[in-house]
Protein chains: 2
Amino acid sequence: MQFTSEQRLDDGILEREFTLGEIPGTLWTPESTAPVPLILIGHNGGLHRRESRLVARARQSAAYGYAVAAIDAPGHGDRPRSAADEQARADLRRAMQAGEPVDEIFESFIGPLVDKTVPEWQTTLDALLALPEIAGPVGYSGWTAVGIRLAVVEPRIAAAGFFAGGYVPRAQREEARRVTIPLLFLLQWDDEGNPRQRALDLFDAFGTKEKTLHANMGGHTGTPWFEVDDGDRFFARHLK
Amino acid sequence: MQFTSEQRLDDGILEREFTLGEIPGTLWTPESTAPVPLILIGHNGGLHRRESRLVARARQSAAYGYAVAAIDAPGHGDRPRSAADEQARADLRRAMQAGEPVDEIFESFIGPLVDKTVPEWQTTLDALLALPEIAGPVGYSGWTAVGIRLAVVEPRIAAAGFFAGGYVPRAQREEARRVTIPLLFLLQWDDEGNPRQRALDLFDAFGTKEKTLHANMGGHTGTPWFEVDDGDRFFARHLK
């Protein structure tokens, strides 16, 4: 893990860019004399890890007392996109806008992306936990499909918050029943891109008994800001 | 309003029993030099307002900085039950345990009870807001059907938290779309006495855009304790 830049923000948080092989990431750590718990923030949809809402979430969680890390998955943010990636994203967008079924595009594009992204998170986790300023336990927050797989294969993940979950590859829908860690499942009741019933079915499927559902109005990007605070409090119950 | 007893609890909260005509109630107020916002706690199912979980909730909200009031609705707690009340409750319990439809018992028994209880809450609200230690705004928490009617007819209610909501009389299911105040709707995902889909349909029907759904596991009486805290924080956003 190589840190390529760092800055101390107004609220005392240290923000560092890093690379780990071909994986680019950002790490936010609070001012603390003792090692702090870690939250991994996953994102999908081709977004950059430095998209403003993601950064604001990360900084709020860091201010709450967590180390927070984000990486760009293959084809996201700073990483190269293949022509096939571009085509698949365009097909997915067009089908969603037209209200057509997207399951097959999802299986062929997002399914393999999950398979590639999860080991990258595990490698990143190895490197982060080797830093003296970070201790366990570890929470995961964000992209549902990657979070399901991580929760199943990675025993160091102690609690997870998932978002949306209307479209999730078949493999992760089946893995959901094997998730046994505490979960906070957040969805937008009127999410234009995520069928509500499928998200509720996924919540129902999780194997853990310690699962909480939160739903709000405002469309896919309209999650109220207090949910970031609720997420931090959820992690405080399980990571401290 | 006549106070019939009072005691100062260990945490500094003043707990007073009162009567208002034939309505018996309890008021919890925090130590405060300034007037505080008020939360009304409604309960149904024939419970007593001094049932231990209700009292614990009330005291936690009072410790958070609210005045909290509970009254026994007709046929509840300290109030006389008619032979017809006893029969209706027995019928309802038997039908629910047998998995039979309960809508008609609900309409004929709970419907009129809501009609009687809501004006009692309004009378109680008049008396409480006349006390120098209590100011607005006012929140309501608990029994869904009474809360829906109150939210529709009582402009002094600024925000509300509802619980369960699988069975709600037809009149309140229709009034739900007229509820426009901020709502926190709490249900148990595996509530043995409240059909989940009906509760979700009710959440969907509320007219307000500021509505949040919380769901947990653990059966009807198994709501995790952190939801009391979440409720206080919800009210803090709207009553302060």
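Just so you know, these numbers come straight off a predicted model, no measurement behind them. The residue numbers shown here count from 1 along each chain, following its written sequence. For naming, the first written chain is A and the first written ligand is 1, with later ones following in the order written. In keeping with the model being predicted, local features are shown solely for residues with a pLDDT of at least 70 and side-chain atom pairs are shown and tallied solely at 80 or more, while totals for entire chains, interfaces and linings include all residues. Excluded from the side-chain calculations are hydrogens and water; all other atoms, namely the structure's heavy atoms, are used.

Re the interface of chain A and chain B
Then comes step 1: By definition in these notes, contact holds between two residues if any of their heavy atoms fall within 4.5 Å. Taken together, the contact between chain A and chain B spans 20 residues of the former and 20 residues of the latter.
Then comes step 2: Throughout, the accessible surface (probe 1.4 Å) given up by two parts as they are put together, summed over both, is called the buried area. Contact between chain A and chain B buries roughly 1,800 Å² in total, counting both sides, with carbon and sulfur atoms accounting for 52%.
Then comes step 3: Looking only at chain A, the three residues that lose the most surface to chain B are Trp189(A), Met217(A) and Arg233(A), adding up to 29% of its buried area.
Then comes step 4: One speaks of a salt bridge when a side-chain nitrogen belonging to Lys or Arg is within 4 Å of a carboxyl oxygen belonging to Asp or Glu. For the interface between chain A and chain B, the tally reads 4 salt bridges.
Then comes step 5: Across the salt bridge formed by Arg196(B) and Asp204(A), the nearest N and O atoms sit 3.3 Å from each other.
Then comes step 6: Residues adjacent in sequence count toward polar contacts only when both atoms are side-chain atoms; beyond that, a polar contact is any pair of N or O atoms within 3.5 Å, and within protein one must be able to donate a hydrogen and the other to accept it. Here chain A and chain B share 11 residue pairs in polar contact (both at pLDDT 80 or more) between them.
Then comes step 7: Helix and strand assignments follow DSSP, with helices taken as H or I runs no shorter than four residues and strands as E runs no shorter than two, numbered in order from the N terminus. Those elements giving two or more residues to the side of chain A that touches chain B turn out to be helix H6 (196–205), strand E9 (211–216) and helix H7 (226–239) of chain A.
Then comes step 8: Each residue gets one label: Ala, Val, Leu, Ile, Met, Phe, Trp, Tyr, Cys and Pro are nonpolar, Asp, Glu, Lys and Arg are charged, and the others, such as Gly, are polar. Here the side of chain A that touches chain B is composed, by residue class, of 7 nonpolar, 4 polar and 9 charged.

As for the relation of the copies chain A and chain B
Put simply, the second copy of the chain is the first one after a rotation about an axis and a shift along it.
Then comes step 1: By a simple turn and slide, chain A fits onto chain B: the slide is 0.0 Å along the axis, the RMSD is 0.0 Å, and the turn is 180°. Accordingly, the operation relating the two chain copies is best matched by a two-fold axis. The rotation axis passes nearest to the C-alpha of His214(A) in chain A, at a distance of 2.4 Å.
Then comes step 2: A share of 100% of the interface residues of chain A reappears at the interface of chain B, consistent with the copies meeting face to face through the same patch. Alignment of copies: least-squares fit on C-alpha atoms of residues with pLDDT of at least 70 in both copies.

Observations concerning unusual backbone geometry
Residues and elements named next belong to chain A.
Then comes step 1: With an omega dihedral of -15°, the bond running from Gly 136 to Pro 137 counts as a cis peptide bond.
Then comes step 2: Among the structural elements, Pro 137 can be located in strand E6 (residues 134–143).
Then comes step 3: In this structure, Ala 164 takes a positive phi of about 70° despite not being glycine.
Then comes step 4: In this fold, Ala 164 is placed in the loop between strand E7 (157–163) and helix H5 (170–175).
Then comes step 5: The buried category is assigned to Ala 164, whose relative accessible area is 6%. Relative accessibility thresholds used throughout: buried, under 20% of the residue-type maximum; exposed, over 50%; partly exposed, between the two (1.4 Å probe, protein chains only).

Looking at the packing of aromatic side chains
Then comes step 1: Think of it this way: a Phe, Tyr or Trp ring, Trp meaning its six-membered ring, pairs with another when their centres are within 6.5 Å, and the plane angle makes it stacked under 30 degrees, edge-to-face over 60, tilted otherwise. Following the criterion strictly, the structure yields 18 aromatic pairs over all chains and no others.
Then comes step 2: Ring centres of Phe185(B) and Phe206(B) lie 5.7 Å apart, and the angle between their planes is 65°; this geometry places the pair in the edge-to-face category. You can see Phe185(B) sitting in strand E8 (residues 183–188) and its partner Phe206(B) sitting in the loop between helix H6 (196–205) and strand E9 (211–216), a full 21 residues away along the chain.
Then comes step 3: Through a chain of ring-to-ring contacts, three or more aromatic side chains come together here, namely Tyr140(A), Phe162(A), Phe185(A), Phe203(A), Phe206(A) and Trp189(B).

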